Amino acid sequence: MTEQFKQQNVTEKSPMRLVYPQKGQVELQPVKLGGLTMNEVAVKALFSGISRGTEALVYNGLVPESQWNVMACPHMGGHFPFPVSYGYQMVGEIAACGTKVEGFLPGDRVFVLHPHQNMFHVFAQNCTRLPEKVPPRRAVLAANMETALNAIWDAQPHDGQKIAIFGAGVVGLLTGYALKKITGISPKILDISPQKRAVTNQLGFEFQEISGLGTDQRFDLMFNTSGAPSALQTAIDHAAFEAKIVEMSWYGDRDVRLNLGGNFHSGRLTISASQVGHVAPSKRKSHSYARRMREALDLLDEPLLDKLIEPEIEFTELPNHLPDIFEPGSDLLCQLIRY
């Protein structure tokens, strides 16, 4: 581990948050909460999850200036590029409610799009109560499930399609799970790492290494969740006539070069971006952000999805572990943080 980190002199009972003060550095900093306003709730964190792909880009300073406003997450502390407090997979328990808060009570467990912080205040409207059958540790997957759900709405899959998902990470596997749950269609999961075969098979999907794709293998609908431009190119090369490729990866400031010769034009292929910042057009009239999040949480009512969660790390120990978690080539899925 070559990256530097430091941890300020704070106690576990102090309100504190995880901060990236500059490129490749991470620390815990104390934070002042102030008084609770009448429309806010005080939340004590239980678990949060690391969205490894996006948070690694933030940690490494790879968010391009043109995307600073787009990439700002709810309740983000600081500003891009640094110092910044970033994250959006938080599960907590309401400790107190403002005088005008309705619909929540102390003790309610909620999901919040919030950076890694052990205690915080947010407007009650930004909280989503956990379904009874979804345990708090699994609920950290809600933001990634919301991304998967939105992508399926963007893709509008239908019976008879041969479907593949490139990338057996958390988002890819949740996309496969949600697709099968909603439509009954079971996609093939593709990845460069043979180590992903076990978890893919445990979730009930067929796994194939990308390097083993035959030239005659074609797909009608593909999702690229890998974060790798090479996977997007492979999807193009294995597209059936009038196939659709849903690009779910975000590349930061990296250049992406594609070969659009071959059958791209003659095959009438479509590459479509899916991004969770807006509800998919097919559902935009019927679904608010809040309804989409509730549906994403409902989809987590499956114990098998616990296989996507890595053994927990204590929040106070997180600065010691993050550089290794963000190491390129890591096969970690959702790193769980316990508070």
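Q: Describe in detail the overall build of the protein, supporting the description with residues and values.
A: In terms of helices and strands, the protein carries nine helices and 17 strands. Taking the principal axes of its C-alpha atoms as reference, the protein extends roughly 60 × 45 × 35 Å. Buried residues in the protein amount to 50% of all 339 residues. Summarising the internal contacts of the protein: among those between residues at least 6 apart in sequence, 68% fall at separations of at least 24. Counting only carbon and sulfur atoms, one obtains 49% of the accessible surface of the protein, whose full area is about 15,800 Å². Side-chain charges in the protein split into 32 positive and 35 negative, and the spacing between the mean points of these groups amounts to 4 Å.

Q: Tell me about the pairing of strand β16 (residues 309–314), and please be specific about residues and values.
A: In the sheet, β16 pairs with strand β17 (residues 334–338) via four bridges, with the strands oriented parallel. In the strand pairing of β17, Ile309 is matched with Cys334. The parallel pair β16 and β17 is bridged by helix α9 (residues 318–325), and the resulting crossover is right-handed.

Q: I'd like a rundown of the pattern of salt bridges, residues and numbers included.
A: Per the counting criterion, the structure on display carries eight salt bridges. The residue Glu206 makes a salt bridge to Lys188 at a minimum N-O spacing of 3.4 Å. Taken together, the residues span a long stretch of sequence, with Glu206 in strand β12 (residues 206–209) and Lys188 in strand β11 (residues 188–191) at a distance of 18 residues. On the basis of relative accessible area, Glu206 is assigned to the partly exposed category, the value being 48%. Residue class for Lys188 comes out buried when judged on its relative accessible area of 12%. Arg268 is the partner of Glu242 in a salt bridge, and the nearest nitrogen-oxygen pair spans 2.6 Å. With Glu242 in strand β14 (residues 239–247) and Arg268 in the loop between β14 and β15 (270–273), this pair connects stretches of sequence that are 26 residues apart. Exposure remark for Glu242: the relative accessible area of 43% places this residue in the partly exposed category. Under the relative-accessibility criterion, Arg268 is labelled exposed at 53%.

Q: Help me get a handle on the confidence of the model for the protein, residues and values and all.
A: Residues of the protein with pLDDT of at least 70 account for 96%, and the chain-wide mean is 94. Note that residues 1–12 has pLDDT below 50 and, in this model, 27 contacts with residues that lie over four places away or in other chains.

Q: Tell me about the sheet that holds strand β13 (residues 219–224), residues and numbers included.
A: As summarised here, the arrangement of the six strands in space is β12-β11-β10-β13-β14-β15, forming an open sheet in which the pairing is parallel. Looking at which strands have only one partner, the edges of the open sheet turn out to be β12 and β15. On average, each strand axis in the sheet is inclined to that of its neighbour by 20°, with strand direction left out of account. One ladder, built from four bridges, connects β14 with β15; its direction is parallel. Residue pairing for β15: Glu247 is matched across the bridge by Ala273. Relative to the sheet, helix α4 (residues 142–155) contacts β13, β14 and β15, its axis offset from that of β13 by approximately 150°. The strands touched by helix α5 (residues 170–183) within the sheet are β10 (163–166), β11 and β13, with β10 carrying the most contacts at an inclination of about 155°.

Q: A description of the packing of α4 against helix α8 (residues 289–298) should follow, citing residues and the corresponding values.
A: Where α4 meets α8, the closest approach of the two axes is 8 Å, and the angle between their N-to-C directions is 105°. Viewed along their axes, α4 and α8 adopt a mutual orientation that is roughly perpendicular. Contacts between α4 and α8 pair Ala142, Met145, Glu146, Leu149, Asn150 and Trp153 from the former with Tyr289, Arg292, Met293, Glu295, Ala296 and Leu297 from the latter. Here the residues of the contact of α4 with α8 sort into eight nonpolar, one polar and three charged.

The rules we used
- Residues numbered from 1 in each chain as written.
- Predicted model: local features only at pLDDT ≥ 70, side-chain atom pairs only at ≥ 80, totals over all residues.
- Heavy atoms only, no water.
- Helix = DSSP H or I, 4+ residues; strand = E, 2+ residues; numbered from the N terminus.
- Buried < 20%, exposed > 50% of the residue type's maximum accessible area, 1.4 Å probe, protein only.
- Contact = heavy atoms within 4.5 Å.
- Areas by Shrake-Rupley, 256 points an atom, 1.4 Å probe, with all protein chains shown as cover.
- Lys, Arg positive; Asp, Glu negative; His and termini not counted.
- Charge placed at Lys NZ, Arg CZ, Asp CG, Glu CD.
- Pairing = 2+ DSSP bridges.
- Right-handed = clockwise from strand over helix to strand, strands pointing away.
- Salt bridge = Lys/Arg side-chain N within 4 Å of Asp/Glu carboxyl O.
- pLDDT = per-residue confidence, 0-100.
- Axes fitted to C-alpha atoms, helices over the stretch in contact; angles between N-to-C directions.
- Parallel < 35°, antiparallel > 145°, perpendicular 65-115°, else oblique.
- Nonpolar A, V, L, I, M, F, W, Y, C, P; charged D, E, K, R; others polar.

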